[in-house]
Amino acid sequence: MTLDVRPASDFEDMRALLGPKSPGATVCWCLSHRVPSRLDNELRGPARAEYAAGLCRADPPPGVLAYDGDEPVGWAAVAPRSATSFARSRTIPHVDDLPVWSLWCVRVRPGHRKKGVSHALIAGAVDFARSHGAPVIEAYPLDNGDARVDMTMAYAGIRKNFERAGFTHAADTTSVLAGHSRVLMRLDLRD
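**Student:** Explanation requested: the pairing of strand β3 (residues 71–80) in the structure shown.
**Tutor:** Strand residues, when the strand is regular, have side chains that alternate between the two faces of the sheet. Of all the 10 residues making up β3, 8 are buried; the element is thus mostly covered by neighbouring parts of the structure. Alignment of strand β2 (residues 63–68) against β3, held across 6 bridges, turns out to be antiparallel. Across the sheet, the residue bridging to Val64 is Ala76, located in β3. Between the end of β2 and the start of β3, which pair antiparallel, lie 2 residues, with Gly69 showing a positive phi angle near 70 degrees.

**Student:** In this structure, what is going on with the nonpolar core? I would like to understand it.
**Tutor:** As a rule of thumb, nonpolar side chains are buried together in soluble globular proteins. The biggest cluster of nonpolar side chains holds 27 residues, and the ones touching the most others in it are Phe11, Met14, Leu18, Trp29, Cys30, Trp75 and Trp104. The set of elements that each furnish at least two residues to this core consists of α1 (11–18), α3 (46–57), β2, β3 and β4 (101–108). Top element by residues in this core is α3. It accounts for 5 residues. Not counting residues up to four positions away in its chain, the partners in contact with Trp29 are Phe11, Met14, Arg15, Leu18, Gly19, Pro20, Arg48, Ala49 and Ala52. The next biggest cluster of nonpolar side chains, apart from the first, holds 25 residues, and it includes Val108, Phe128, Ala134 and Ala139.

**Student:** Is there a simple way to explain the environment of Leu177 in this structure?
**Tutor:** If you trace the backbone, Leu177 turns up in strand β6 (residues 168–177). Classification of Leu177 as buried rests on a relative accessible area of 8%. Leu177 sits 70 residues away from Arg107 along the chain, and the two C-alpha atoms are 16 Å apart. The residues contacting Leu177, other than those within four sequence positions of it, are Leu142, Met153, Tyr155, Ala156 and Arg182.

**Student:** What exactly am I supposed to notice about a positive patch on the surface here?
**Tutor:** A cluster of like positive charges, contributed by Lys114, Arg148, Lys160 and Arg164, occupies part of the molecular surface. The topology assignment puts Arg148 in the loop between β5 (136–139) and α5 (159–164). Here Arg148 falls in the exposed class, since its relative accessible area comes to 80%.

**Student:** Would you explain the packing of aromatic side chains in this entry?
**Tutor:** Any two aromatic rings considered together are summarised by their centre-to-centre distance and by the angle between their planes. One pass over the structure, following the stated rule, counts 5 aromatic pairs. Centroid distance Phe86 to Trp104: 6.0 Å. Interplanar angle 55 degrees. Geometry classified as tilted. Note that Phe86 is positioned in the loop between β3 and β4 and Trp104 in strand β4, a separation of 18 residues in sequence. Residue Trp104 is classed as buried on the basis of its relative accessible area of 2%. Ring geometry for Phe86 and Tyr140: centres 4.5 Å apart, planes at 35 degrees, overall tilted. With a gap of 54 residues between them, Phe86 in the loop between β3 and β4 and Tyr140 in the loop between β5 and α5 connect regions that are remote in the sequence. Overall, Phe86 belongs to the buried group, its relative accessible area being 3%. Positioned above the aromatic ring of Tyr67 is the side chain of Arg6, whose terminal nitrogen or guanidinium carbon lies 3.8 Å from the ring centre.

Reading the values: rules and limits
- Residues numbered from 1 in each chain as written.
- Predicted model: local features only at pLDDT ≥ 70, side-chain atom pairs only at ≥ 80, totals over all residues.
- Heavy atoms only, no water.
- Buried < 20%, exposed > 50% of the residue type's maximum accessible area, 1.4 Å probe, protein only.
- Helix = DSSP H or I, 4+ residues; strand = E, 2+ residues; numbered from the N terminus.
- Pairing = 2+ DSSP bridges.
- Core = buried A, V, L, I, M, F, W, Y, C linked by side-chain atoms within 4.5 Å.
- Contact = heavy atoms within 4.5 Å.
- Patch = residues over 30% accessible without salt bridge, like charges linked within 9 Å, V, L, I, M, F, W, Y side chains within 5 Å.
- Areas by Shrake-Rupley, 256 points an atom, 1.4 Å probe, with all protein chains shown as cover.
- Salt bridge = Lys/Arg side-chain N within 4 Å of Asp/Glu carboxyl O.
- Lys, Arg positive; Asp, Glu negative; His and termini not counted.
- Charge placed at Lys NZ, Arg CZ, Asp CG, Glu CD.
- Phe/Tyr/Trp six-rings, centres within 6.5 Å; stacked < 30°, edge-to-face > 60°.
- Lys NZ or Arg CZ within 6 Å of the ring centre and 35° of its normal.

This is the structure:
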């Protein structure tokens, strides 16, 4: 498998990874941390897809996509923390006043797991944030040790994958997901 990670500017490829089978279904579209909760609650069915399509046309786009050839096989959401709900989080602390970027969702398409896609997505998100001037990137993965993680809740990533990518533990959080504590991991992008 040869992986290529690119900015998520192609909505149809984003749809292949995040969209529902039924166009009227309401799914996350990775908007729950990107938009204020009121807007998140108002966007239903096709309106969510339209909003996500607008993000793909924006600069910067809403994250990165991993491709195996021309097939989209993975997604990672990455944006300035100030543009996400993490900017106001009571459970995930602010470490300092740097204009950090957040990496909060890593999704690998079924059939492509355990092939290095999540590692490529993390590296691609780091490169994407760096190319947009981020001084630091942070993530909020599960600190699961060797315990199994329910795949539906593994979107936050797991600590050891971020450690492999050079991130270090910066703070504990009071956030819990799928029965596992989340930690704040950071990678300094300044040379």
